[in-house]
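Observations on the model geometry
One letter stands for each residue in the lines below.
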Amino acid sequence: MDLKALIKSKDEQKKKKQYIQFSERELEKLRPDEAEKIVEHFRGNTLIRLPESEIKFFEWLKEADEAVWNDLWQDDQEDESYLVSVDFLMDFIRETPSFPICDLIDEPNYWFTFQHIKPEGLEYLQEEIRLKVETDQDLSLEELFLLEISVSPTDIWHFSHRHQVPVERMKQAIADMVYKGWIVHLTDRDDLVKYLE
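I will try to describe carefully the structure that is included in this document.

About the cut-offs
Residues numbered from 1 in each chain as written. Predicted model: local features only at pLDDT ≥ 70, side-chain atom pairs only at ≥ 80, totals over all residues. Heavy atoms only, no water. Helix = DSSP H or I, 4+ residues; strand = E, 2+ residues; numbered from the N terminus. Expected span 1.5 Å × (residues − 1). Bend = angle between axes of the 7 residues up to and from the residue. Buried < 20%, exposed > 50% of the residue type's maximum accessible area, 1.4 Å probe, protein only. Contact = heavy atoms within 4.5 Å. Core = buried A, V, L, I, M, F, W, Y, C linked by side-chain atoms within 4.5 Å. Patch = residues over 30% accessible without salt bridge, like charges linked within 9 Å, V, L, I, M, F, W, Y side chains within 5 Å. Areas by Shrake-Rupley, 256 points an atom, 1.4 Å probe, with all protein chains shown as cover. Salt bridge = Lys/Arg side-chain N within 4 Å of Asp/Glu carboxyl O. Lys, Arg positive; Asp, Glu negative; His and termini not counted. Charge placed at Lys NZ, Arg CZ, Asp CG, Glu CD.

**Let's talk about helix H6 (residues 119-134)**
The first and last C-alpha atoms of H6 sit 21 Å apart over 16 residues, in line with the 22 Å expected at 1.5 Å per residue. In the structure, H6 departs most strongly from a straight axis at leucine 125, where the bend amounts to approximately 35°. If you check which residues of H6 are buried, you get Gly121, Leu125 and Ile129. On its buried face, H6 is in contact with helix H7 (141-151). Just downstream of H6 lies aspartate 136, where phi reads positive at about 60°.

So this is what it looks like as structure tokens:
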């Protein structure tokens, strides 16, 4: 990818729209080192519009859990919706690209990383879940979520959307995982800041 040409085109886009946006194809081609250079170039004065796949996800979220959608986007003007800091560009080039829902104010957060897995959960992951994966057995919802957060940070809404699971069912799964001692659930955004990469 010609990084200089891409940055130049995004500079032009910013002049016209007051923000920049990347197509899904551009994001797929972007290497982490290139994305970091773009972030460095635009940091501090540029907003980025969410990729189309994330906009579709948030339109789904508006129906699936309107209170959470409102917590994130309600104050935005129609033409300013889905604009975030360019610092989030790195989140859109991961294996499971998504805007992390971990900054809710009025609603409890349900965002988890590997660091939220407690020793009991880690032991279960390394023994039971690993065996099930190796022998091609089906995983329960809780087991699948534990496996996913061991690989990459995620929230229950993106997980629910990916796996077509009702949000309320996921909230119950989290409560069950906490009860089993597999994970810690930090609902306050101030407690989650230290886990952001």
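**Examining the nonpolar core**
If you look at the biggest cluster of nonpolar residues, it comprises 49 residues, and the most contacted ones within it are Phe58 and Trp157. The set of elements that each furnish at least two residues to this core consists of helix H1 (3-17), helix H3 (32-42), helix H4 (52-64), helix H5 (66-73), H6, H7, helix H8 (156-163) and helix H9 (167-180). Those residues within four positions of tryptophan 157 in sequence are excluded, and the remaining contacts are Phe57, Trp60, Leu61, Asp65, Val68, Ile101, Leu104, Pro108, Tyr110 and Val167. By size, the runner-up hydrophobic cluster in this structure holds five residues, among which are Trp111, Leu186, Leu192 and Tyr195.

**Points about a negative patch on the surface**
Taken together, the side chains of Glu120, Glu123, Glu127 and Glu128 define an acidic patch exposed on the protein surface. Along the chain, glutamate 123 falls in helix H6. A residue is classified by how much of its surface remains accessible, and glutamate 123, at 45% relative accessible area, is partly exposed.

**Examining unusual backbone geometry**
Residue glutamine 18 is not a glycine yet carries a positive backbone phi of 75°. By the secondary structure assignment, glutamine 18 is in the loop between H1 and strand E1 (20-21). According to the relative accessible area criterion, glutamine 18 is exposed, its value standing at 59%. You will see that aspartate 136, though not glycine, has its phi angle at about 60°, which is positive. Inspection of the secondary structure assignment puts aspartate 136 in the loop between H6 and H7. Under the relative-accessibility criterion, aspartate 136 is labelled exposed at 71%.

Without other data, these values stay purely geometric and don't point to any function.
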